[in-house]
Amino acid sequence: MSALIAVTIFMIFQFAIGVWASKKVHSESDYMLAGRKMGYVLLTFSIFASWFGAETVVGASGSAYSEGVSIGSAEPFGYGLCLLLMGFVFAVPLWKRQLTTLADLYRQRFSVGTERLAAVILIPSSVFWAAAQVRAFGHVLNTTSSSALSAEASIAIAAGFTILYAAYGGILADALNDVVHGTLVAFGLIAVFVALLPHLGGVAEVGRILSDPARVHFMPSGESVWTVVERWSIPVAGSVIATEIVGRVIAAKSPTVARRSSFAAAGLYLVLGCIPLLIGLLGPAAMPNLSNPEQLLPELAKTLLPMPLYVLFAGALISAILSTVDTTLLVSSSILSHNLIVPIFGVSDERAKVRIARAGVMTFGVIAYLLARRAEGILDLVEQASATGSAGVLVTAVFALFTNLGGPRTAMVTLLAGLVVYVGGTYGGAETPFLFALAASLGTYAFGAAWERRFSPA
């Protein structure tokens, strides 16, 4: 119970920072983009901390515990590659557009109607991602309370806190905290890994476990090559233009900062992301027959670390989750308010815009809580976040940023095609619904652009 009290104090401290930062929010730009003033340190840690959430820490370790590691294990490598791709290809052209949200790109390049359709398609992915973080937060509270709180109550408390935390300070509060969050996460993961080594019998025994072909193998059992390609394409192609990372990149103070910070964040992500993977591989030897693999890291920390270090680890895990959930709720709310409610109803007062954005955070937080209750697992939620509608978004964004091909009608049909094919393929039991959606989106846009060029009046 003392651990729960300490974690509660830490949560209150985080909330207090959000309240303090809220006093510096005077406009929509302050709330959503921190005034476009983020430098190397803030932006690097902000991108890293926003991306390094529950799916990396809790989900990846749980998956490695259950299934081992193979070429089919896309986390953390797929999302790390996604950040590298953002830096190499997208960061500079996105920053130069001076966007407030990704949906703005569709208004600039196509039309207001395309912007609003894109907004409707973009919002659900962020809400799915927020649900994954809320579910992981619930796991942490459940463990630190020694199960005094039920899993259901833990998720409800986690949802309530994250909603309030995200609503107050905006991106500024999150960015200021992310440097501390990133340091805590690194220290906490390293502490658990170091404590685990002697518990398993030393480096030699760890080497034996990691060389076991039952735990580390090339191809996942019973899966085809196309399934593996699908699994990698979702974090790379499905997330490279995700609203969460775009929202951070466009808040940089220069295009050079946006690009280089993406590279630095990718390096941090790949190095630290391998630690939960290793812990998951070693987990069955330390805690066999764990009923819920997603509880592995919290349980190991609770068992192996002295109380002060365990509290630090729990704080680190909460920090990682808060950074991600704050971003996801803010992004979804920003798109709703900036691209739909504010222009449709003609809101011009900056403080009113901020109030609308905060109300959106609360609304989407409740939806994320309901999704977190019903989901099968954290990685399941994250996969839905990365894949739902993202095929059409990626194709249209690439053509919008780098070509003059295609108009509003082509973009709108492509967005719908990507969404319909993915949802239909998923519920229809297709082996690779995202790849089908990506192919359908590319074919639709190419055909539409060619049709417009041939038959549209000069």
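Remember, it's a predicted structure, so these values are computed and weren't measured experimentally.

Undergrad: Tell me what's going on with the overall build of the chain, and back it up with residues and numbers.
TA: Tallying secondary structure elements over the chain gives 19 helices and 0 strands in all. Of all intrachain contacts in the chain linking residues separated by at least 6 positions in sequence, the fraction that spans at least 24 positions is 86%. If you sum the accessible surface of the chain, you get close to 17400 Å²; carbon and sulfur atoms cover 68% of it.

Undergrad: For the pattern of salt bridges, give the residues involved together with the corresponding values.
TA: With the rule as written, the count across this model stands at 3 salt bridges. Of the charged contacts, one joins E115 and R107 as a salt bridge, the two residues approaching to 2.8 Å between their closest N and O atoms. A relative accessible area of 33% places R107 in the partly exposed class. The residue K353 makes a salt bridge to E350 at a minimum N-O spacing of 3.4 Å. On the criterion of helical spacing, the pair formed by K353 and E350 is a turn pair, its members being 3 residues apart in helix α15 (residues 350-374). Take K353: its relative accessible area is 13%, and that puts it in the buried class. Each of the salt bridges in this network shares a partner with another, and the network as a whole consists of D104, R107 and E115.

Undergrad: Could you give me a rundown of helix α3 (residues 40-51), with the residues and numbers involved?
TA: With 12 residues, α3 should cover 16 Å at 1.5 Å per step; its first-to-last C-alpha distance of 16 Å lies within 8% of that length. For α3, every residue scored as buried is listed here: L43, T44, S46, I47, F48, A49, S50 and W51.

Undergrad: Tell me about the packing of helix α12 (residues 255-286) against helix α13 (residues 296-304), and name the residues and values.
TA: Where α12 meets α13, the closest approach of the two axes is 10 Å, and the angle between their N-to-C directions is 70°. With respect to α13, the axis of α12 lies roughly perpendicular. Helix-helix and strand crossings are classified by hand; for α12 and α13 the assignment is left-handed. Of the residues in α13, those in contact with P276, I279, G280, G283 and A286 of α12 are L296, L297 and L300. Its residues assigned to classes, the contact of α12 with α13 comprises 6 nonpolar, 2 polar and no charged.

Undergrad: Can you tell me about the packing of aromatic side chains, naming the residues and giving the values?
TA: Per the counting criterion, the structure on display carries 5 aromatic pairs. Taken together, a centroid distance of 6.0 Å and an interplanar angle of 35° make the contact between F447 and W451 tilted. With F447 and W451 both in helix α19 (residues 433-455) and 4 residues apart, the pair spans about one turn of that helix. According to the relative accessible area criterion, W451 is partly exposed, its value standing at 48%.

Undergrad: Let's hear about the nonpolar core: which residues, and what values?
TA: Core analysis: the biggest nonpolar cluster contains 122 residues, and W51, M86, L94 and I241 have the highest contact counts within it. Of all the elements, helix α8 (residues 151-200) adds the most residues to this core, at 17 residues. Once you skip the residues sitting within four places of it in the chain, M86 turns out to touch A91, L94, V240, I245, V246, V249 and S262.

Undergrad: Describe the confidence of the model for the chain, and please don't skip the residues or the numbers.
TA: Per-residue pLDDT for the chain averages 81, and the proportion of residues at 70 or more is 85%. Confidence, read as mean pLDDT per element, is least for helix α16 (residues 378-387) in the chain (54) and greatest for helix α6 (residues 103-109) (95).

Undergrad: Break down the side chain of S332 for me, citing the residues and quoting the values.
TA: Topologically, S332 is positioned in helix α14 (residues 307-345). A relative accessible area of 0% places S332 in the buried class.

Undergrad: So, the side chain of S261: which residues are in play, and what are the values?
TA: When you line up the elements, S261 lands in helix α12. Assessed through its relative accessible area of 0%, S261 is described here as buried. Those residues in contact with S261 that sit more than four places away from it in its chain are G39, Y40, L43, T44 and I47.

Undergrad: Quick one: what's the story with the packing of helix α9 (residues 203-210) against α12, residue by residue and with numbers?
TA: Contact geometry for α9 and α12: axes closest at 10 Å, N-to-C directions at 100°. The pairing of α9 with α12 is recorded here as roughly perpendicular in orientation. Of the residues in α12, those touching α9 at V206, I209 and L210 are L278, L281, L282 and A285. Tallied by class, residues from the contact of α9 with α12 come to 7 nonpolar, no polar and no charged.

Undergrad: Describe a nonpolar patch on the surface, with residues and values.
TA: Nonpolar side chains collect at one region of the surface, where L85, F88, V89 and F402 lie side by side and expose about 370 Å² of accessible area between them. It is helix α5 (residues 77-96) that provides the largest number of residues to the nonpolar patch, a total of 3 residues. When you line up the elements, F402 lands in helix α17 (residues 390-402). Overall, F402 belongs to the partly exposed group, its relative accessible area being 42%.

Here is what the cut-offs are and how they apply
Residues numbered from 1 in each chain as written. Predicted model: local features only at pLDDT ≥ 70, side-chain atom pairs only at ≥ 80, totals over all residues. Heavy atoms only, no water. Helix = DSSP H or I, 4+ residues; strand = E, 2+ residues; numbered from the N terminus. Contact = heavy atoms within 4.5 Å. Areas by Shrake-Rupley, 256 points an atom, 1.4 Å probe, with all protein chains shown as cover. Salt bridge = Lys/Arg side-chain N within 4 Å of Asp/Glu carboxyl O. Buried < 20%, exposed > 50% of the residue type's maximum accessible area, 1.4 Å probe, protein only. Expected span 1.5 Å × (residues − 1). Axes fitted to C-alpha atoms, helices over the stretch in contact; angles between N-to-C directions. Parallel < 35°, antiparallel > 145°, perpendicular 65-115°, else oblique. Left-handed = near helix turned anticlockwise from the far one by under 90°. Nonpolar A, V, L, I, M, F, W, Y, C, P; charged D, E, K, R; others polar. Phe/Tyr/Trp six-rings, centres within 6.5 Å; stacked < 30°, edge-to-face > 60°. Core = buried A, V, L, I, M, F, W, Y, C linked by side-chain atoms within 4.5 Å. pLDDT = per-residue confidence, 0-100. Patch = residues over 30% accessible without salt bridge, like charges linked within 9 Å, V, L, I, M, F, W, Y side chains within 5 Å.

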